[in-house]
Amino acid sequence: MFTRETKEKLGSRETPFYYYDLEMLKETLSVASGEAANRGYNVHYAVKANFNPVIMRIIAGYGLGADCVSCNEVEHAIACGFPPHETVFAGVGKSDREIETALKIGIKCFNVESAEELEVIDSIAGRMGKKASVALRINPNVEAHTIRHITTGTDENKFGIRITELDAVLELMKEMENVHYRGIHFHIGSQITDLHVFRNLCTRINELWQWLTDRGFEPEDINVGGGLGVNYDDPDQFPPFADYFDIFKNHLDSNIHSTISFELGRSLTANCGSLITKVLYVKPGASETFVILDAGMTELMRPALYHAYHRIENLTSEGPEKKYTVVGPICESTDTFGKFIALPETRRGDLIAIRSAGAYGEVMASRYNMRSLPESLFSEE
Ligand SMILES: *Cc1c(COP(=O)(O)O)cnc(C)c1O
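Reading guide: rules and limits
Residues numbered from 1 in each chain as written. Predicted model: local features only at pLDDT ≥ 70, side-chain atom pairs only at ≥ 80, totals over all residues. Heavy atoms only, no water. Helix = DSSP H or I, 4+ residues; strand = E, 2+ residues; numbered from the N terminus. Polar contact = N/O pair within 3.5 Å; in protein donor to acceptor, adjacent residues only side chain to side chain. Expected span 1.5 Å × (residues − 1). Buried < 20%, exposed > 50% of the residue type's maximum accessible area, 1.4 Å probe, protein only. Arc of directions from axis to C-beta. Contact = heavy atoms within 4.5 Å. Salt bridge = Lys/Arg side-chain N within 4 Å of Asp/Glu carboxyl O. Near = heavy atom within 4 Å. Areas by Shrake-Rupley, 256 points an atom, 1.4 Å probe, with all protein chains shown as cover. Nonpolar A, V, L, I, M, F, W, Y, C, P; charged D, E, K, R; others polar. Axes fitted to C-alpha atoms, helices over the stretch in contact; angles between N-to-C directions. Left-handed = near helix turned anticlockwise from the far one by under 90°. Right-handed = clockwise from strand over helix to strand, strands pointing away. Phe/Tyr/Trp six-rings, centres within 6.5 Å; stacked < 30°, edge-to-face > 60°. Domains from an automatic or database assignment. Buried area = accessible area lost by both parts, 1.4 Å probe. Disulfide = S-S within 2.5 Å.

Moving on to the side chain of histidine 310. One can find histidine 310 in the loop between α11 (302-306) and β13 (312-314). Among the polar contacts listed, one links the side chain of histidine 310 to the backbone oxygen of serine 356, at a separation of 3.5 Å.

Attention now moves to helix α2 (residues 22-38). An ideal rise of 1.5 Å per residue puts 24 Å on 17 residues; α2 measures up with 24 Å between its terminal C-alpha atoms. Taken together, the buried positions of α2 are occupied by Leu22, Met24, Leu25, Thr28, Leu29, Ala32, Ser33 and Ala36. Mapping the buried residues of α2 onto a view down its axis gives an arc of 155°, with all of them on the same face. What points out from α2, more than 90 degrees from its buried face, is the exposed set Ala37 and Asn38. Where α2 is buried, its residues meet β1 (17-20), β2 (42-46), α3 (53-61), α9 (241-251), α10 (266-269) and β17 (375-378).

This structure, assessed with the given rule, holds 19 salt bridges. The residue glutamate 35 makes a salt bridge to arginine 39 at a minimum N-O spacing of 2.9 Å. Residue class for glutamate 35 comes out partly exposed when judged on its relative accessible area of 22%. Residue glutamate 313 pairs with arginine 355 through a salt bridge whose shortest N-O separation is 3.1 Å. One end of the pair, glutamate 313, is in strand β13; the other, arginine 355, is in the loop between β16 (351-354) and β17, and 42 residues separate them in sequence. You'll find glutamate 313 and arginine 355 in the same group, each marked buried. When salt bridges with common partners are traced through the structure, they connect Asp236, Arg311, Glu313 and Arg355 into a single cluster.

The local shell around the ligand holds 14 residues, among which Lys48, Ser190, Glu263, Arg266 and Tyr360 are the closest. At a separation of 2.8 Å, an oxygen atom of the ligand approaches a polar backbone atom of arginine 266. If the ligand stood free it would expose 390 Å²; the protein chains cover 95% of that surface. Looking at the shell around the ligand residue by residue, the classes come out as three nonpolar, six polar and five charged.

Viewed as axis vectors pointing N to C, helix α8 (residues 196-214) and α9 meet at an angle of 35°, and their least axial separation amounts to 9 Å. Once α8 is placed against α9, the crossing between them reads as right-handed. Of α9, the residues touching α8 (which contributes Phe198, Arg199, Leu201, Cys202 and Asn206) are Tyr244, Ile247, Phe248 and His251. Here the residues of the contact of α8 with α9 sort into six nonpolar, two polar and one charged.

With that settled, consider the pairing of strand β10 (residues 259-264). The element β10 is extensively covered by neighbouring structure, given that five of its six residues are classed as buried. Viewed along the sheet, the connection from strand β9 (residues 221-223) through α9 into β10 turns out right-handed.

Let us look at helix α6 (residues 115-128). Across its 14 residues, α6 extends 20 Å between first and last C-alpha, which sits within 8% of the 20 Å expected from 1.5 Å per residue. For α6, every residue scored as buried is listed here: Glu117, Leu118, Ile121, Asp122, Ile124 and Ala125. Check the buried side of α6 and you find it contacts α5 (96-105), β5 (109-112), β6 (132-139), α7 (166-174) and β8 (179-185). Within two residues after α6, glycine 129 carries a phi angle of roughly 70°, on the positive side.

Turning our attention to the packing of aromatic side chains. Evaluated as defined, the whole model comprises 14 aromatic pairs. Summarising the aromatic geometry, the rings of phenylalanine 2 and tyrosine 19 are spaced 6.2 Å apart at their centres and angled 40° between planes, so their arrangement reads as tilted. Taken together, the residues span a long stretch of sequence, with phenylalanine 2 in the segment before α1 (4-11) and tyrosine 19 in strand β1 at a distance of 17 residues. Phenylalanine 2 sits in the buried class, given a relative accessible area of 11%.

According to the domain assignment, the protein consists of domain 1 (4-17 + 271-378) and domain 2 (22-269). On a C-alpha basis, the centroid separation for the pair domain 1 and domain 2 is 33 Å. Taken residue by residue, the interface counts 17 residues in domain 1 and 24 residues in domain 2. In total, domain 1 and domain 2 occlude about 2000 Å² of area from one another, counting both sides; carbon and sulfur atoms represent 57% of this. Of all residues in domain 1, Asn271, Tyr360 and Phe378 bury the most surface against domain 2, accounting for 34% of the area lost on that side. For the pair domain 1 and domain 2, the interface holds one salt bridge. Put simply, the parts of the chain that give the side of domain 1 that touches domain 2 at least two residues each are α11 and β17.

A few words on the state of the cysteines. On inspection of all chains with the given rule, the structure shows zero disulfides. Cysteine 71 takes part in no disulfide bond, and the closest cysteine sulfur, belonging to cysteine 68, lies 8.5 Å away. Looking at cysteine 202, it has no disulfide partner, and the nearest cysteine sulfur is the one in cysteine 109, 20 Å off. Judged by relative accessible area, which is 0%, cysteine 202 ranks as buried.

Have a look at this one:
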């Protein structure tokens, strides 16, 4: 992925920074949106994965909708070219102000996560003389078989309306004058690599569709969420979009005529981004050799937050391989990118790429230790 010219360009900049390969982003988007369109599916982009405006504008250019989890994301998505009528707003804790603003903008719908939230939306919409479109986010109690910290669709999670509460929510909704029921929404977790999990989701959706339709709540839209995983071992591999969409094509009941939407985040942006950093020191430890980088958990938090693995490449050295523990400069022991990682012999000043960092990377950067926020560089600059 890194040609000699690219390495020279990267090496001449002050590190650390995020580097985005826009060709790779466009190829990913073209495959994902093409495979979805072939099957009659809609794709929304989950803005929280990467809200860099350059990335966002490119994604909007492929005709995707936007899936937002705060009103700032809603406003930012629209400023970057996503149409308001293709923008949805999810999240367990929408504030009154956020609901008001989203109603003013006229978004496609709110993905509602509790009975209380539904009541608040109804009353705010009533006060404003508006009708709020809503989809019910249902917690389908499907195990995502992913990292425990990023599973969202089981009964133990804070997300969504539990199936046992659904009846009561429908009864409540029947009485409401200021909400328009559009459909249902699911999102069971992230970085799901066992595609079988999505088959289980389809089974649950089929049951629910029937149950809702029998009660006069046939959904116009079914939003199945995101969660498709990427291969962190092989950053140049594309996510299996065709296989993923086929699971829904083959396992959702053929009598379901609702619009089917997906909300992809990680699978669209992870691979195109790398965190570029330099080696500050190589320090012998008691049982390992530490490579100390000028980037840490403040630039890329995933390893510290949930022991996530990112492939680390030394772009400078071609020396014999050795094992290193790669760490950042932050005053936390969890500020570690990998233990006993094989790298070509590494020295102070070597340029390092931490790969697949285009999703949940730059957006999670923090100023802990009073660090500066990372800048970004694009392949076409
Ligand atoms: C985070 C999120 C997504 C995107 O998940 P990915 O695993 O990045 O595809 C989709 N929908 C909702 C509601 C989310 O919170």
